Structure formats: structure tokens, C-alpha cells
Amino acid sequence: MAVKPKLHYPNGRGRMESIRWVLAAAGVEFDEEFLETKEQLQKLQDGNHLLFQQVPMVETDGMKLVQTRSILHYIADKHHLFGRDLKERTLIDMYVEGMLDLLELIIMHPFLKPDDQQKEVVNMAQKAIIRYFPVFEKVLRDHGQRFLVGNQLSLADIILLQTILALEEKIPNILSAFPHLQEFTVKISNIPTIKKFLEPGSKKKPPPDDIYVRTVYNIFMP
């Protein structure tokens, strides 16, 4: 029986959530070892389990993988979610990089001062509506296909859906001017593995709360 991937990270979204999304979309079951204390992180560091002394870290296939993008690429490539040729892989990579830039704003939002959080929601909305979503709306409109690249599910579709749903939690009408993205969101959300991940009781993490923020500070701050 194959050993499940094991994810090492605090019990929250952060930079691990995209990895959870891709594993779930690929239909891969995984285990999680949650970091709750600075001592747990130190133990991983002292044991040479973290190449650059940082998490996320995923144990899989006899390796201890670090660096979010590298982990995403490995999982996507292994499970046929990374295109069929170099051109498709490059398109997927470009789309994912754009979404990860936007996701980084969402990841950092709960750690801002309260007075800055609402301003940052406005900033996120503007960047999504002006810079990022028009790109994907045009791609879907122009090729008329269900998926972003190669007319099959890829890492790009998964990360785009993750980003859209995370933004809709803060700005429910964020897609009001993007009918093709609205249709995309419904279709991709109903792919069986993704639909299962979106249901209650899955390993998808809820929006960050004060407990998660305090835990992260306690683990990572000097």
C-alpha cells in the first residue's frame, strides 16, 4: 500500500493550502502533522528535514519537498495536471505565478493591523478586477473551452478556483463583471474530487482566525 504524503505546517491555510487543493483535486489522500510550537519547527530544522529551514514541507515518495512552487509542480506533474508539452506547461506556470502573487496578498491579510485590513481588501479587489481576472476571462472567452490550458484540468484551473473562492469570502460579488469566470467557477467546483474537497469535513482549511494568527506568530516570530 502506498504511503500517503505527509504535510508539515500549522493548522491553517497559509502557503500549504494550494498544496492541499492540488492533492485533493488529484484524488490523493494525505496526512497532516500540524506545527503548534516553536519547538516542533526547531526539531524539523535540527533534524535536517527542511532544506532552507522553512515550511511548507511535504514528505512524499521518499523525499522531503520544500518551496511551495516546487511542491506544486511535482504533484501536478506526477498526477498529469501540468500540461502535455512544454508550451502548455509554460502557460500553466505563467497563470499559476500570477494567481500565487494575488494569493500572497490574501495569505498575509490576517496578519495586518486592523486599520490596514479593509484598505488591503480594496487593494486586492482592484488588482483582481483590473490586472488578473480580465486575463482569465479573455482566455476562457477566446478559446471557448472548459479549462484554461489544453482543454483538460490543470494546476492553473485549481489555483484559479482557489483564488476566486478565497476572494469571494471577502468580496462576494468579485466576479460580477466576469461571466466566463462565473461559469468556470461552477464547472470546476463540480469536478467530483474538487466538489468533495469543498464539502464540510474535508481537509480544506477555514478562513484564518485569531487563534491561527497567534499560533503562527508563536511558531515563527523570534
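Residues numbered from 1 in each chain as written. Predicted model: local features only at pLDDT ≥ 70, side-chain atom pairs only at ≥ 80, totals over all residues. Heavy atoms only, no water.

1. So, the overall build of the protein chain
Okay, so step 1: Within the protein chain one finds nine helices and four strands.
Okay, so step 2: Listing the helices and strands of the protein chain from first to last along the sequence gives β-α-β-α-β-β-α-α-α-α-α-α-α.
Okay, so step 3: In terms of overall size, the protein chain behaves like a compact globule, its C-alpha atoms giving a radius of gyration of 18 Å where 222 residues would be expected to give roughly 17 Å.
Okay, so step 4: On the principal axes, the C-alpha backbone points of the protein chain span a range of 50 × 50 × 30 Å.
Okay, so step 5: Residue burial in the protein chain is summarised as follows: out of 222 residues, 44% are buried.
Okay, so step 6: In the form shown here, the protein chain has an accessible surface area of approximately 11900 Å², with 54% of it arising from carbon and sulfur atoms.
Okay, so step 7: Of the charged side chains in the protein chain, 28 are positive and 29 negative; the average position of the first set lies 1 Å away from that of the second. (Helix = DSSP H or I, 4+ residues; strand = E, 2+ residues; numbered from the N terminus. Rg over C-alpha atoms; globule rule 2.2 N^0.38 Å. Buried < 20%, exposed > 50% of the residue type's maximum accessible area, 1.4 Å probe, protein only. Areas by Shrake-Rupley, 256 points an atom, 1.4 Å probe, with all protein chains shown as cover. Lys, Arg positive; Asp, Glu negative; His and termini not counted. Charge placed at Lys NZ, Arg CZ, Asp CG, Glu CD.)

2. Comments concerning the packing of helix 3 (residues 68-78) against helix 4 (residues 86-108)
Okay, so step 1: As a packed pair, helix 3 and helix 4 sit with axes 12 Å apart at the nearest point and diverge in direction by 140°. With respect to helix 4, the axis of helix 3 lies oblique. Helix-helix and strand crossings are classified by hand; for helix 3 and helix 4 the assignment is right-handed. Across from Arg69, Leu72 and His73 in helix 3, the residues of helix 4 making contact are Asp93, Glu97, Leu100 and Asp101. (Axes fitted to C-alpha atoms, helices over the stretch in contact; angles between N-to-C directions. Parallel < 35°, antiparallel > 145°, perpendicular 65-115°, else oblique. Left-handed = near helix turned anticlockwise from the far one by under 90°. Contact = heavy atoms within 4.5 Å.)

3. Quick notes on the packing of aromatic side chains
Geometry of an aromatic ring pair is reported as the spacing of the ring centres plus the angle between the planes.
Okay, so step 1: Here the structure, examined in full by the defined rule, presents five aromatic pairs.
Okay, so step 2: Pairing Trp21 with Phe197 gives two aromatic rings, centres 5.3 Å apart and planes at 75°, and the pair type is edge-to-face. Of this pair, Trp21 sits in helix 1 (residues 17-25) while Phe197 sits in helix 8 (residues 192-198); the two residues are 176 residues apart in sequence, bridging distant segments of the chain. This pair shows no difference in class: Trp21 is buried, exactly as Phe197 is. (Phe/Tyr/Trp six-rings, centres within 6.5 Å; stacked < 30°, edge-to-face > 60°.)

4. Structural notes on unusual backbone geometry
Okay, so step 1: Along the chain, Val55 connects to Pro56 via a cis peptide bond; the corresponding omega equals 15°.
Okay, so step 2: Among the structural elements, Pro56 can be located in the loop between helix 2 (38-46) and strand 3 (57-60).
Okay, so step 3: The residue Asp61 is not glycine, and still its phi comes out positive at about 50°.
Okay, so step 4: Position of Asp61 among the secondary structure elements: in the loop between strand 3 and strand 4 (63-66).
Okay, so step 5: Phi angles above zero are rare outside glycine, and Gln67 is one such case at about 75°.
Okay, so step 6: When you line up the elements, Gln67 lands in the loop between strand 4 and helix 3.
Okay, so step 7: Residue class for Gln67 comes out partly exposed when judged on its relative accessible area of 35%.

5. Observations regarding helix 7 (residues 179-189)
Okay, so step 1: The complete set of buried residues in helix 7 reads Leu181, Phe184, Thr185, Ile188 and Ser189. The arc that holds the buried residues of helix 7, viewed along the axis, is 115°, so those residues lie on one side.
Okay, so step 2: Where helix 7 is buried, its residues touch helix 5 (114-143), helix 6 (155-170) and helix 8. (Arc of directions from axis to C-beta.)

6. Examining the nonpolar core
Okay, so step 1: The biggest cluster of nonpolar side chains holds 70 residues, and the ones touching the most others in it are Ile19, Phe133, Leu148, Leu155, Leu160, Leu167 and Leu181.
Okay, so step 2: No other element matches helix 6, which puts 10 residues into this core. (Core = buried A, V, L, I, M, F, W, Y, C linked by side-chain atoms within 4.5 Å.)

7. Details of the sheet that holds strand 2 (residues 31-34)
The pairing of strands in a sheet happens through backbone hydrogen bonds and is either parallel or antiparallel.
Okay, so step 1: In space, the four strands of this open sheet follow the order 2-1-3-4, with mixed pairing throughout. Unpaired on one side and paired on the other, strand 2 and strand 4 mark the two borders of the sheet. Ignoring strand direction, the axes of neighbouring strands in this sheet form an average angle of 20°.
Okay, so step 2: Relative to strand 2, strand 1 (residues 6-9) is paired through four bridges, and the arrangement is parallel. If you follow His8 over to strand 2, its bridge partner there is Glu33. (Pairing = 2+ DSSP bridges.)

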